[in-house]
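# Breakdown of the fold
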Amino acid sequence: PGFNNILFDFCPPPCFNQHEVASIIYVDNGIYMGCQASTPDETRKAAQAALEKYHLPVHEVQPNQSELDTLGLHFHSHGCSSTRSRRWKLIKAIHHIMASPRMTGEDLETLVGHLTFCFVLRRPLLCVFQSVYTYMRRFYKSHRRVWCSVLRELRFARALLSFTAVDFRIPWSP
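Below you will find a few notes about this structure. (Residues numbered from 1 in each chain as written. Predicted model: local features only at pLDDT ≥ 70, side-chain atom pairs only at ≥ 80, totals over all residues. Heavy atoms only, no water.)

### Thoughts on the sheet that holds strand β4 (residues 73–76)
Read from one edge to the other, the open sheet built from four strands follows the order β3-β4-β5-β8, with strand pairing classed as antiparallel. Among the strands making up the open sheet, the edge pair consists of β3 (68–70) and β8 (165–167). Along the sheet, successive strands turn relative to each other by an average axial angle of 15°, direction set aside. Strand direction decides the pairing type here: β4 and strand β5 (residues 79–82), joined by four bridges, are antiparallel. Following the sheet pairing, H74 is matched in β5 by S81. (Pairing = 2+ DSSP bridges. Helix = DSSP H or I, 4+ residues; strand = E, 2+ residues; numbered from the N terminus. Axes fitted to C-alpha atoms, helices over the stretch in contact; angles between N-to-C directions.)

### Looking at the side chain of S82
Within the secondary structure, S82 sits in strand β5. A relative accessible area of 1% means that S82 is categorised as buried. Within the local environment of S82, its side chain forms a polar contact with the side chain of T164, the two groups lying 2.5 Å apart. Setting aside anything within four residues of it in sequence, one finds S82 in contact with G72, L73, R87, C118, L121, L161 and T164. (Buried < 20%, exposed > 50% of the residue type's maximum accessible area, 1.4 Å probe, protein only. Polar contact = N/O pair within 3.5 Å; in protein donor to acceptor, adjacent residues only side chain to side chain. Contact = heavy atoms within 4.5 Å.)

### Here we look at helix α2 (residues 84–99)
When the terminal C-alpha atoms of α2 are compared, their 22 Å separation across 16 residues agrees well with the 22 Å that a helix rising 1.5 Å per residue should span. Along α2, the residues that are buried comprise R86, R87, L90, I94 and I97. Seen along its axis, α2 keeps its buried residues to an arc of 95°; they face one direction. Turned more than 90 degrees away from the buried face of α2, the exposed residues are R84, W88, K89, H95, H96 and A99. For α2, the elements touching its buried residues are β5, β6 (102–103), α3 (105–119) and α5 (148–160). (Expected span 1.5 Å × (residues − 1). Arc of directions from axis to C-beta.)

In structure tokens:
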């Protein structure tokens, strides 16, 4: 597919008809989606042939599916969400911090990065974070007691994880 059919961050999803394919490229993974089962497979085969022409290794190929879990995301016919296992791991990590609230800003940055990955699916959820960023900068290498305001933001984030989904049928609004 051309660049118009690739899903990019910070851009509206591509509009494509039933004969076109949308693609997601992430490092060395390619996901091809379409309305007809044969069309994405043809595009995948063309991409695979182009890579192999230059002797680049190709991952194992999975057959066409109506649903797919990859990279911590669950894709289905009309949308995408973070996987249950990803959400559960984040809930457990936040619970651990609540029980033992001492950490470095660097450790908190790792957790916030994983939460951000999920929240990007529903960008307004990102507004929950403010104190976490101040804490991360101030105590990046120092092991300190986590501020109450940071714990409150993490509780909010934990409660909002179930909303980390996007419905492709909803029109995009800039």
